[in-house]
Amino acid sequence: MLIKQIPLPAQKKLTRRMEQDFDISFKFIIIGDSGCGKSCLLRRFIEGRFYEDTAHTIGVEYGITVIQVDNRQIKIQAWDTAGSDRFRTLTQTYYRDAVGVILVYDVTNRESFNSISRWIADARARVHPQASLILLGNKSDLKQARDVPYAEAAKFAQDNEIPFLETSALNGDHVEDSFMQIAHSILKKVDTRVIPPSEYGGGILVKDAPPQDSPSARSETVDLSQSSGNERDNSGICC
Ligand SMILES: Nc1nc2c(ncn2[C@@H]2O[C@H](COP(=O)(O)OP(=O)(O)O)[C@@H](O)[C@H]2O)c(=O)[nH]1
Ligand SMILES: [Mg+2]
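Only a predicted model underlies this, so the values are computations on that prediction, with no experimental measurement involved.

**So, the overall build of the protein chain**
What the protein chain contains, in helices and strands, is eight helices and eight strands. Buried positions account for 44% of the 239 residues belonging to the protein chain. Taking the contacts inside the protein chain whose residues are at least 6 apart along the sequence as the reference set, 78% of them involve residues at least 24 apart.

This is how it looks when you write it as C-alpha cells:
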C-alpha cells in the first residue's frame, strides 16, 4: 500500500459527515507557505471551529466531508500538505490527481503572497490537468496587520485566471464559500464533460465505482481517525 511506503511522520483524518452519503467525490489539496493557516482552514471547514493553537503540520493530514452543491452530495477529501521544503518532495505524491487546489497566503505576510506563483507552478505540474484552483488570502480578521492589499491580490488572481477570496479561519469568513466555489467549478466540468469519465483518475470518484489506483483512494483503507493530532518529529523540525 503506497501510503505505508512513504515515511510520513504523522497523519490524521478529520471527518464531519457520513462518508458513504455522496454522489461524487473530489480530491482537494491545500497548499501555501507554512503559517498561513492551511490547517486552521481545513479544521474550520471540516469541524466548523477554530483551533487557536494548532501544532505545525508534519507530513499530511486530510479531512473528509460532504457538501451539497446543485442538489448533489459532493464528498470532499481535502489534503492538507506541509509547507516546509523538507516535506515538499514527500507531499508531492499527494498532488497527484487532485481536481481542486486551494492556494493559501496570509494577508499579513507578504512573503507568503510572493510564494504563490511558485505554489501555482508546483500544483499545475502535478495535479489533474483540468483541476480548478482558488486563491485564498487568509487571516482577513487581522485588519491592523494587513501587508497585502485586497486589490493587489485580486489583480494577481485575475491575471492568473484564478478566483480569489479573502478568508478568516478564525471567524469563518468565506471559508465554506471557498470550498463550495471550487466544488461547483469541478462539478460543472464533470457535468459538461470538460472532464470526461475516462479522465477522472483518482481525484474524482463516483459512488459505487471501483476504487481507483491512487493515494486518495487507498488512504481510506488506513484508519487514522484515532490519531491524537499533529505531532512533531524527533528532530523538532516542523513546517
Ligand atoms: N488571526 C488569525 N489567525 C489565524 C488564522 N488562521 C490561522 N491562524 C493562526 O496562524 C497560525 C498558523 O496556522 P496553521 O493553520 O497552523 O498554518 P499552516 O502552517 O498553514 O497549516 C496559527 O497560530 C493559527 O492560530 C486566521 O484566519 N486568523
Ligand atoms: Mg499546517
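So much for the structure itself; the text now carries on.
**Quick look at unusual backbone geometry**
Positioned with a positive phi, Lys 139 is a non-glycine residue whose angle comes to about 75 degrees. Within the secondary structure layout, Lys 139 lies in the loop between strand S6 (132-138) and helix H6 (150-159). Residue Glu 161 is not a glycine yet carries a positive backbone phi of 55 degrees. On the secondary structure map, Glu 161 appears in the loop between H6 and strand S7 (164-166).

**A few points about the pairing of strand S5 (residues 100-106)**
Of all the seven residues making up S5, seven are buried; the element is thus mostly covered by neighbouring parts of the structure. Because side chains alternate across S5, one face comprises the buried residues Gly 100, Ile 102, Val 104 and Asp 106, and the other comprises Val 101, Leu 103 and Tyr 105, equally buried. Here four bridges tie strand S2 (residues 24-31) to S5, and the two strands are oriented parallel to one another. Pairing of Ile 29 across the sheet is with Val 101, part of S5. Bridge analysis of S5 against S6 gives seven bridges, and the strand direction is parallel. Directly across from Asp 106, in S6, lies its bridge partner Asn 138.

**Details of the environment of Gln 181**
With respect to the helices, strands and loops of the structure, Gln 181 is situated in helix H7 (residues 175-191). Sequence-wise, Gln 181 and Pro 163 are 18 residues apart; in three dimensions their C-alpha atoms are separated by 8.8 Å.

**Let's talk about the confidence of the model for the protein chain**
Per-residue pLDDT for the protein chain has a mean of 80; in total, 72% of the residues score no lower than 70. Scored below 50 in pLDDT, residues 1-10 shows 21 contacts in the model against residues more than four places distant or in partner chains.

**Thoughts on the nonpolar core**
A general tendency of soluble globular proteins is for nonpolar side chains to be buried together. Phe 28, Ile 29, Ile 30, Val 101, Ile 102, Leu 103 and Ala 183 are the most contacted members of the largest nonpolar core, which totals 55 residues. No other element matches H7, which puts seven residues into this core. Those residues in contact with Phe 28, other than ones at most four positions away along the chain, are Ile 76, Gln 77, Ala 78, Trp 79, Ala 98, Gly 100, Ile 102 and Ile 182.

**Looking at the pairing of strand S4 (residues 72-81)**
Burial within S4 is extensive, with eight of its 10 residues counted as buried. Judged from the seven bridges that link them, S2 and S4 form a sheet pairing that is parallel. Following the sheet pairing, Ile 29 is matched in S4 by Trp 79. Looking at chain direction, strand S3 (residues 60-69) and S4 are connected through 10 bridges and run antiparallel. Along S4, the bridge assignment pairs Ile 64 with Gln 77. Here S3 hands over to S4 after two residues, with Asp 70 in that stretch at a positive phi of 50 degrees.

**Thoughts on the packing of helix H2 (residues 38-47) against H7**
Running from amino to carboxyl end, H2 crosses H7 at an angle of 85 degrees, the nearest separation of the two axes being 9 Å. One way to sum up the angle between H2 and H7 is to call them roughly perpendicular. Contacts between H2 and H7 pair Leu 41, Arg 44 and Phe 45 from the former with Val 175, Glu 176 and Phe 179 from the latter.

**Section: the environment of Arg 72**
Take Arg 72: it is sitting in strand S4. Separated by 115 residues in the primary sequence, Arg 72 and Leu 187 place their C-alpha atoms 9.3 Å from one another. The residues contacting Arg 72, other than those within four sequence positions of it, are Asp 23, Ile 24 and Leu 187.

Conventions adopted
Think of each chain on its own: its residues are numbered from 1, step by step along the sequence as written. Throughout, the order in which chains and ligands are written sets their labels, letters from A for the former and numbers from 1 for the latter. Given that the model is predicted, a residue must reach a pLDDT of at least 70 before its local features are reported, and side-chain atom pairs must reach 80 or more before they are shown or counted; all residues, however, enter totals for whole chains, interfaces and linings. To qualify as a helix, a DSSP run of H or I must reach at least 4 residues; to qualify as a strand, a run of E must reach at least 2; elements of each kind are numbered from the N terminus. Residues with at least 20 other C-beta atoms within 10 Å of their own are called buried, those with 12 or fewer are called exposed, and the rest are partly exposed. The C-beta atoms themselves are positioned from the backbone. Note that contacts rest on C-beta atoms placed from the backbone: two residues are in contact if these are within 7 Å. Strand pairing is assigned whenever DSSP identifies at least 2 bridges connecting the two strands. Per-residue confidence from the predictor is reported as pLDDT, which spans 0 to 100. The term nonpolar core refers to a set of buried Ala, Val, Leu, Ile, Met, Phe, Trp, Tyr and Cys residues connected through C-beta atoms within 7 Å. An axis is simply a line fitted to the C-alpha atoms; with a helix, the fit covers only the stretch in contact. Between two such axes, the angle follows the N-to-C directions and lies from 0 to 180 degrees. Between 65 and 115 degrees an angle is taken as roughly perpendicular, under 35 as roughly parallel, over 145 as roughly antiparallel, and anywhere else as oblique.

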